Amino acid sequence: MIRRFQLSLLLCLLLLAGMGKTAVSPAVAQSGTAYQVFQLVNGFRAGYGLPPLQANSALSAAAQNQANYMAAHTIFSSHTGEGGSTPQSRANAFGYVGYVSENIVGGTGMTPNQGLIWWENSPVHYNTLVTTRYIEAGTGYATNGSENFYVLVVGRPSDAPPSNNPSNNSPAPLFVTPIQLSEPGEDGSIIHTLQEGQALWSLAAHYEVSLADLMLFNNLAENAILHPGDKVIIRLAEGQEPPPTPTPPLTHVVREGENAWVIAARYKLKLTDFFWLNGLDENSYLQPGEEVTVRLAEGQAPPPTPTPIVIHTIRSGQTLWDVALTYGISLDDLLAFNGLSADAILQVGQELRVRPPDPPTPTPTAAPPTAVSLPTTTVSLAITTPIPVERTAVPTLPAAMPTPTPTIGPSTTPTDQTGSNSVVILAVGLTIAAGALIVIGRRL
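No experiment lies behind these values; they were computed from the predicted model shown. (Residues numbered from 1 in each chain as written. Predicted model: local features only at pLDDT ≥ 70, side-chain atom pairs only at ≥ 80, totals over all residues. Heavy atoms only, no water.)

### What about helix α11 (residues 271–278)?
Every buried residue belonging to α11 is among Leu271, Phe274, Phe275 and Leu277, and all of these are buried. Looking straight down α11, one finds that the buried residues subtend no more than 165° of arc, so they occupy a single side. In this structure, the buried residues of α11 make contact with α10 (260–266), β8 (291–293) and α12 (320–326). Count one or two residues on from α11 and you reach Gly279, which has phi positive near 60°. (Buried < 20%, exposed > 50% of the residue type's maximum accessible area, 1.4 Å probe, protein only. Helix = DSSP H or I, 4+ residues; strand = E, 2+ residues; numbered from the N terminus. Arc of directions from axis to C-beta. Contact = heavy atoms within 4.5 Å.)

### Here we look at the packing of aromatic side chains
Centre-to-centre distance and the angle between the planes together describe a pair of aromatic rings. The tally for this structure, following the rule as stated, stands at 4 aromatic pairs. Ring centres 6.2 Å apart and planes at 15° place the aromatic pair Tyr35 and Phe38 in the stacked group. Linking Tyr35 with Phe38, this pair stays in helix α3 (residues 32–46), spanning 3 residues, or about one helical turn. Here Tyr35 falls in the partly exposed class, since its relative accessible area comes to 35%. Here the aromatic rings of Phe274 and Phe275 are separated by 6.4 Å at their centres, their planes lie at 50°, and the arrangement is tilted. Using a relative accessible area of 11% as the deciding quantity, one classes Phe275 as buried. (Phe/Tyr/Trp six-rings, centres within 6.5 Å; stacked < 30°, edge-to-face > 60°.)

### Things to note about the sheet that holds strand β4 (residues 147–157)
If you trace the 4 strands from one edge of the open sheet to the other, you get β1-β3-β4-β2, paired in mixed fashion. Because the sheet does not close on itself, it has two edges, and the strands there are β1 (54–55) and β2 (98–108). Pairing of β2 with β4 involves 11 bridges; the strand directions are antiparallel. Each residue of the ladder has a partner; that of Thr108, found in β4, is Glu147. This element, helix α4 (residues 57–73), spans β1, β2, β3 (136–143) and β4 of the sheet and lies at about 25° to β3. Helix α6 (residues 112–121) contacts β2 and β4 of the sheet and is inclined by roughly 120° relative to β2. (Pairing = 2+ DSSP bridges. Axes fitted to C-alpha atoms, helices over the stretch in contact; angles between N-to-C directions.)

### Side note on the packing of α3 against α6
In the contact formed by α3 and α6, the axes pass within 9 Å of each other and the chain directions differ by 45°. Relative to α6, α3 is oriented oblique. As α3 packs across α6, the resulting crossing turns out to be right-handed. Across from Thr33, Gln36, Val37, Leu40, Val41 and Phe44 in α3, the residues of α6 making contact are Pro112, Asn113, Leu116, Trp119 and Glu120. Of the residues assigned to the contact of α3 with α6, the class counts are 7 nonpolar, 3 polar and 1 charged. (Parallel < 35°, antiparallel > 145°, perpendicular 65-115°, else oblique. Left-handed = near helix turned anticlockwise from the far one by under 90°. Nonpolar A, V, L, I, M, F, W, Y, C, P; charged D, E, K, R; others polar.)

No statement about biological role is implied by the geometric values presented.
Put into structure tokens, the structure is as follows:
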């Protein structure tokens, strides 16, 4: 019984040891060079106004697992891993529930920055770098001493069962032809002689220069074809002025696999501006060979500004990030407009507000009555010309006045009495006039 228990324990230990050879700790996957690749990818996305991919430990473990396998077997050109695994099955094995896509690249002495340039200059791998469908990522790095291998796995979490389709939409692998770097000449310039299997974008990756600079230095168009033996200027001579920058194109011909997101990012346009220039909306589909506008010519009248969309209806496969980026708003604003949390599950046909609600109309309030103060007018009445009053001396009456004898005839008024009455009447008139002026002044 004890022997059986020991044998069972030994078998469990052997199984665990075998699993340990395949599994990779997420901490290892996100350390050192692998994490440097992750930062380079997010830095590239930031240059196009795209949100960073969120680090995911399961995707990091899957990426590191594939990088280890590629380095151990010196494999450059296959997404198939140990035991026939695919990017999707590897992610699922490490506990990721969702859909994934994978970029791989490797080469002799290749640096992380060179690896990024390889992906950037390959249209299908470029699509993965600027994706909005996938929102999480993990990276892996391994070396066999001379060749370095890099893996990027991007994912979109989902409650639906993950697909085990081996194709999983991962881009075709990049087979890296070894390139011997040319030494600078006496004048500081670098000239490279093209060899069989080498392309302009591979030279850009190895020399760590931009593809746009190589095209500018060599006066090449985007669709130029190079042949073995061609001389390619990698760096200008010291003090040599570069040729004038060509005028940016006005239009772009849609290629196989390109969508509105890819084209807008390539020309550093907001997606809403790209739609506006071409009279499109998010429901429009682009066909290979179709010509679209990416810039207005000088003096060209812009198209009419469309009425802003307020409500968006969720389509299959869309995420909150997709909707926020489409309408140029932050994820926090989108969540606030709709009262959602970041882990909300969207349903096909669900409507989301993509513009802030109209502010409520303020209720008018009656203004408090304003006290009206009437100006006070002071009226001063000054009489500058004295009014002459003729007075008659009053005679002294005797102690005993004789009783006058009444006479019949016209009545007469004494002279002094007439003068007193005139003064009294004038004073009363002036008082009334002054009072009237004061009343009028107060009313004014």
